Amino acid sequence: MQQIKVGDTLPTVSLKYCPYDAELKNACGIPQVLSTDSFKGKKVVIFGVPGAFTPTCNNNHLPEYHEKYQDLAKKGVDQVVCISTADAFVMDAWGKWTNVSDKVIMAADGNGDFVKATGLVQDLTKVGMGAVRSKRFAMVVDDMKVVYVGVETQFGVSVSGAGAVLAKL
Amino acid sequence: MTQIKVGDTLPSVSLKYCPYDASLAHACGIPQNLDVSSLKGKKVVIFGVPGAFTPTCNNQHLPEFHQKYDEFVKKGVDQIICLATTDAFVMDAWGKWTQTNDKIILAADGNGEFVTATGLVQDLTKIGFGAIRSKRFALIADDLKVTYIGVETASGVSVSGADAVLAAL
């Protein structure tokens, strides 16, 4: 699938997530469906990571969005969604591990439907991470229309980071 | 691939894992290879779970093997390996989350090579878990020869649990 670009409409895909519950310290209950249709009428930042708990994702990419959440909200962002091709249980645990789940929606693209539909899938079999992984990216979606996409072409966080997204808002 | 059975030899595949380091509280460093061929001459228990951080795996299957570790050692077991088709970073985080990685080796079959080669793979696309997941199983391998194998056919832990394996030793 061709990579999604500015001006495109976000595809209708169902993700899964575990709704934030400050009481639930341990494993997620029952994952709920999060359809991209629910972003209609909203300004949403979606950023994708290759792997939950992996160094760059864990130490850089995800925390920056949590730290800058208020800055994003001030610029009209309604939701910040983190996606990877792990399942909702892993995403939920990761959100708790990094203490971000009060602000960032940790969403699971478990079958890779979203990353395939948007051309943002990568094969990481060579590093033992299987064939269906997300690229590192960030996008801003306004009422289902893509207004910004930044996809990393090398290691690290630049165009997909919170700073780059803020500059575009 | 046909399901592995008693008398078969374990396939020569490489798993990945993060070696236990009590001082490393947070994310794994660099995952290391765990070649199945290195289990030669040892008596090992390998149990497979469909998903790290999922309720049954998290609350029952994994903890039981940790709790009964000493009983396994008394019966001559050299290593207990927990396997899932996720990557080493997720497995390492799960081991820390459940505080089991001092005794259990949390191994990643990230490309599904082990479960595919042993016929223990299952497709969980229908619940958003992707096409390559481990069945819930436990096996005993003595010098790479399978001497016991229990694969669950329903929800829950019975023939793949610590008690069933202990009874077979």
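Residues numbered from 1 in each chain as written. Chains lettered and ligands numbered in written order. Predicted model: local features only at pLDDT ≥ 70, side-chain atom pairs only at ≥ 80, totals over all residues. Heavy atoms only, no water.

The name an unreviewed UniProt entry assigns to chain B is Thioredoxin domain-containing protein, from the organism Linnemannia gamsii. Per its UniProt entry, chain B bears the Function (unreviewed entry) comment "Thiol-specific peroxidase that catalyzes the reduction of hydrogen peroxide and organic hydroperoxides to water and alcohols, respectively. Plays a role in cell protection against oxidative stress by detoxifying peroxides." (UniProt positions renumbered as here; feature names shortened; annotations may be inferred.)

The name given to chain A in an unreviewed UniProt entry is Thioredoxin domain-containing protein, with Linnemannia gamsii as the source organism. Listed under Sequence similarities (unreviewed entry) in UniProt, the entry text for chain A is "Belongs to the peroxiredoxin family. Prx5 subfamily." UniProt annotates chain A under Function (unreviewed entry) with the comment "Thiol-specific peroxidase that catalyzes the reduction of hydrogen peroxide and organic hydroperoxides to water and alcohols, respectively. Plays a role in cell protection against oxidative stress by detoxifying peroxides."

Draft legend 1. Up close: helix α1 (residues 55-67) of chain A. Taking 1.5 Å per residue, 13 residues should reach 18 Å; α1 of chain A reaches 17 Å between its end C-alpha atoms and fits that length. When α1 of chain A is considered as a whole, its buried residues turn out to be Thr56, Cys57, Asn58, His61, Leu62, Pro63, Tyr65 and His66 of chain A. (Helix = DSSP H or I, 4+ residues; strand = E, 2+ residues; numbered from the N terminus. Expected span 1.5 Å × (residues − 1). Buried < 20%, exposed > 50% of the residue type's maximum accessible area, 1.4 Å probe, protein only.)

Draft legend 2. Quick look at the environment of Ser12 of chain B. Residue and element names in this part refer to chain B. Structurally, Ser12 can be placed in the segment before β1 (14-17). Overall, the relative accessible area of 68% leaves Ser12 in the exposed class. For the pair Ser12 and Phe129, spaced 117 residues apart in the sequence, the C-alpha separation amounts to 26 Å.

Draft legend 3. Main features of the interface of chain A and chain B. Between chain A and chain B, the residue contacts involve 25 residues of the former and 25 residues of the latter. Summing both sides of the interface, chain A and chain B together bury roughly 2,000 Å²; the carbon and sulfur share of this comes to 64%. At the junction of chain A and chain B, the tally comes to two salt bridges. Salt-bridge contacts for Arg133 of chain A lead to Asp87 of chain B; the nearest nitrogen and oxygen are separated by 2.9 Å. Here chain A and chain B share 10 residue pairs in polar contact (both at pLDDT 80 or more) between them. Of the residues forming the side of chain A that touches chain B, the biggest block, five residues, is contributed by helix α3 (residues 88-97) of chain A. When its residues are assigned to classes, the side of chain A that touches chain B shows 12 nonpolar, eight polar and five charged. (Contact = heavy atoms within 4.5 Å. Buried area = accessible area lost by both parts, 1.4 Å probe. Salt bridge = Lys/Arg side-chain N within 4 Å of Asp/Glu carboxyl O. Polar contact = N/O pair within 3.5 Å; in protein donor to acceptor, adjacent residues only side chain to side chain. Nonpolar A, V, L, I, M, F, W, Y, C, P; charged D, E, K, R; others polar.)

Draft legend 4. Broad picture of unusual backbone geometry. Unlike most non-glycine residues, Phe53 of chain B shows phi in positive territory, near 70 degrees. Under the relative-accessibility criterion, Phe53 of chain B is labelled buried at 2%.

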